[in-house]
Amino acid sequence: MIACAGHGVCAELLPEWIALDDWGYPIVRREAIPPELAAQARWAVSNCPALALKLRKKRA
Amino acid sequence: MNTTTVRPVRPPALPFPRLLAHMPPPGAEHGAWQSLAEHRTHYARPPVPRGRPMTEIIDLVERAGLRGRGGAGFPTAVKMRAVARGRGRAVVVANGTEGEPASYKDKLLLAHQPHLVLDGALLAAAAVGAGRVVIGVEESAPEALRALRRALAERASAEPAGIDVEVLATPSGYVSGEESALVQFVNGGPARPTAVPPRPFEKGVGRRPTLVSNVETLCHLSQIARNGATWFRGSGTAEEPGTALVTLSGALSRPGVIEVPIGTPLSTIVERGGPLGPVGAALVGGFFGTWVPASGFGLAFSRAGLSEVGASPGAGVVIVLPAGACGLAETARIMAWYAAEGAGQCGPCVFGLPAIAGEMAALSHGPVPAGGLMRLQRWAAQVEGRGACRHPDGSVRLLRSALGAFPEDVEAHLGGRPCPASHGEGVIAVPGSADGFAGR
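Predicted, not measured: the structure shown is a model, and the values here were computed from it.

Q: Where do I start with the overall build of chain A in this structure?
A: Secondary structure assignment for chain A yields two helices and two strands. Of the regular secondary structure in chain A, the N- to C-terminal order runs α-β-β-α. Relative to a compact globule of 60 residues, whose C-alpha radius of gyration would be 10 Å, chain A shows 11 Å and is just as compact. If you line up chain A on its principal axes, its C-alpha atoms span 30 × 25 × 20 Å. Residue pairs at least 24 apart in sequence account for 34% of intrachain contacts in chain A once pairs closer than 6 positions are excluded. On chain A, roughly 4,200 Å² of surface is accessible, and the fraction owed to carbon and sulfur atoms is 58%. Here chain A holds 8 positive side-chain charges and 6 negative ones, and the gap between their average locations is 15 Å.

Q: I keep staring at the side chain of Glu330 of chain B and nothing clicks. Help me out?
A: Residue and element names in this part refer to chain B. Secondary-structure assignment places Glu330 in helix α13 (residues 327-341). A polar contact is formed between the side chain of Glu330 and the backbone nitrogen of Ile428, at a distance of 3.0 Å. Ignoring anything within four residues of it in the chain, the contact list for Glu330 reads Trp291, Leu321, Gly426, Val427 and Ile428.

Q: Whenever I open this one, the pairing of strand β6 (residues 256-261) of chain B confuses me. Can you help?
A: Side-chain positions along a regular strand alternate between the two faces of the sheet. Residue and element names in this part refer to chain B. Within β6, five of the six residues are buried, which leaves it mostly tucked inside the rest of the structure. Looking at chain direction, strand β5 (residues 243-250) and β6 are connected through six bridges and run antiparallel. Counterpart to Val246 in the pairing with β6 is Ile258.

Q: I would appreciate a short explanation of the environment of Pro200 of chain B in the present structure.
A: All names here are of chain B. You can see Pro200 is positioned in the loop between α8 (179-186) and β4 (210-214). You can call Pro200 buried: its relative accessible area is 3%. Between the alpha carbons of Pro200 and Leu182 there is a distance of 9.8 Å; along the sequence they are 18 residues apart.

Q: Teacher, can you tell me more about the sheet that holds strand β2 (residues 130-138) of chain B here?
A: Picture the strands of a sheet paired through backbone hydrogen bonds; they go either parallel or antiparallel. Residues and elements named next belong to chain B. Across the sheet, which stays open at both edges, the four strands sit in the order β3-β2-β1-β4 with parallel pairing between neighbours. Taken across any chain shown, the strands that pair with only one partner, and hence form the sheet edges, are β3 (164-170) and β4. Strand after strand, the sheet turns through a mean of 20° between neighbouring axes, direction not considered. As defined by bridge partners, strand β1 (residues 90-96) adjoins β4 across five bridges and the pair is classed as parallel.

Q: Explanation requested: the packing of helix α6 (residues 114-128) of chain B against helix α7 (residues 142-158) of chain B in the structure shown.
A: Two quantities define a packed helix pair, namely the angle between the axes and the distance from one axis to the other. Residue and element names in this part refer to chain B. Where α6 contacts α7, the axes come no closer than 9 Å and their chain directions differ by 65°. Once α6 is placed against α7, the crossing between them reads as right-handed. Touching Pro114, His115, Leu118, Asp119 and Leu122 of α6 are Ala147, Leu148, Ala151, Leu152, Glu154 and Arg155, all from α7. Its residues placed into classes, the contact of α6 with α7 shows seven nonpolar, one polar and three charged.

How each quantity is defined
- Residues numbered from 1 in each chain as written.
- Chains lettered and ligands numbered in written order.
- Predicted model: local features only at pLDDT ≥ 70, side-chain atom pairs only at ≥ 80, totals over all residues.
- Heavy atoms only, no water.
- Helix = DSSP H or I, 4+ residues; strand = E, 2+ residues; numbered from the N terminus.
- Rg over C-alpha atoms; globule rule 2.2 N^0.38 Å.
- Contact = heavy atoms within 4.5 Å.
- Areas by Shrake-Rupley, 256 points an atom, 1.4 Å probe, with all protein chains shown as cover.
- Lys, Arg positive; Asp, Glu negative; His and termini not counted.
- Charge placed at Lys NZ, Arg CZ, Asp CG, Glu CD.
- Polar contact = N/O pair within 3.5 Å; in protein donor to acceptor, adjacent residues only side chain to side chain.
- Buried < 20%, exposed > 50% of the residue type's maximum accessible area, 1.4 Å probe, protein only.
- Pairing = 2+ DSSP bridges.
- Axes fitted to C-alpha atoms, helices over the stretch in contact; angles between N-to-C directions.
- Left-handed = near helix turned anticlockwise from the far one by under 90°.
- Nonpolar A, V, L, I, M, F, W, Y, C, P; charged D, E, K, R; others polar.

In C-alpha cells:
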C-alpha cells in the first residue's frame, strides 16, 4: 500500500537524502544511506505521520 | 533522440505465422472461437516430460531464447527458474489483461484460440511445479472471457488439467495489468501496484513463488515445446528469436494484428497495414512508447534495433501518424489519458501527471505560458522513477520522445504558430476522450 500523503516531515528530518517535488512529495536518493546518517534516517522513518517511509537493508 | 541512422537489417523471412496460422476466419461458427477438437487438429498436446519441477522444459525455453511479450522483454527461462527454485508450491498467473489501449493481440488470442493459451499456461505450470493457474483478463473483454471459460469447461471432461485453473475478470485500466497489481488483485486486494520487492517470483499469490507471464509468451512456450528450440530460432534475430504479434492502428487501410519475425524493418510492418497516404511518424511500443519519425523506419523492429532511437517494441504496438497530423497534439491527448489512468495512490501521479498534461495541452493548442517548456522538462525529471510502478516513467518517456521527434513543431507552437491539425479531432483513438472512442 502506498501511504505517503506528502506531509513533508521526512525532508525536514533528512534533507541530506530527501527533497520535495513541486507538490510536496518526497524525492528520495537511490544510493544506500551512509552509516553516519543511519540514526537520522531511522528518526525520519519513525516520525512519518503516515508510516509511509521504510528503511530497508541493501541487498548484496 | 532524433537519430536517423539506418542499419542494414537482415531481410525478413517469409510471413511466418506461428500463432496466427490457424486463426479462425472472422464470422466463423460460434464467434470464430476454436473448439478443443479443432485446436488439436492443428496443435498437438505439448509433450510433458516426467520429473518435478520439469527443468527440462525450462532448459528448452532457455535454449530457444524466449523473451516476454508483455512489454518488458525479460528472458522467460530466468523467471521460470527463479519460480521453480522458490520455496513452496508455485502459482502461474497468465496475464491477459492487456491494459495498453492500442494493443489487441492478447484479446485476439484469448477470444479465438483460448486453447493455445491454455496449452502454454498448463505447460508453464508443469515446468515450475505449480499447483494453481490463474488467468487474468480485463472485464471489458467479454469475448475473451467467454471463450476462455468455454474452453476450460471443454477441457474439464476431455483433457482434465489435474490442477486448479481459474479465470479472473480484472478491473479495466492500464495499471491494473501491472504484474504486482495483478498479483495483489488475485490475493483479494485492490488492483494497484505494490511497492516492490518482494517481486512476484519470490512472494506472489498467497506469498508463493509466482510466475506472471503474458498470454502471447505462453503461446510461444507451447510452440517451443512442440517444435523445439532450433525451430523457434529459425525466425527472428539471434538475440531476440521468434516472431511477435504486432497490433497496427492509426492511418491505415488494414489495421489489426499481424505476426512478424522479430527484427523485421519497421517500414515493412507499416506497409503491411496499408498506409492511407504519406506517413509522418509512428508511435512504437504503445501509449507507453516512443515516437519514431518516418526517417527511422529502416530500423529493425526489435529491442536492439529500436534502442538506437530510444524506442522498444513494448507489447508490439505500432500506431501510424500521417504526414500533416500534429504529433504534439496527439501526445497531449495521450498525456491527458495518462493523468486519468493512474492508480491514484502516489503523489507524483496524482499531482505531477495532471500538471504535465495541462502544460502539454497548452503547448499543443496555445497560448503557451512563459517558461512552459522548461516547466515540462522540470516536472518530467521530478516524476521519473518515482511511485510504486512505471506509470509515471511511461508518460515521461512519451513526452520526451515527442519533444525530440517533432522539434520543428515545438518551435512553431512556441512561436504561436501551432500546426493546423492540432485543433482537429486527432488520429490516435484515446479511450475516454472527447472524440468518442467508446471501449475496444
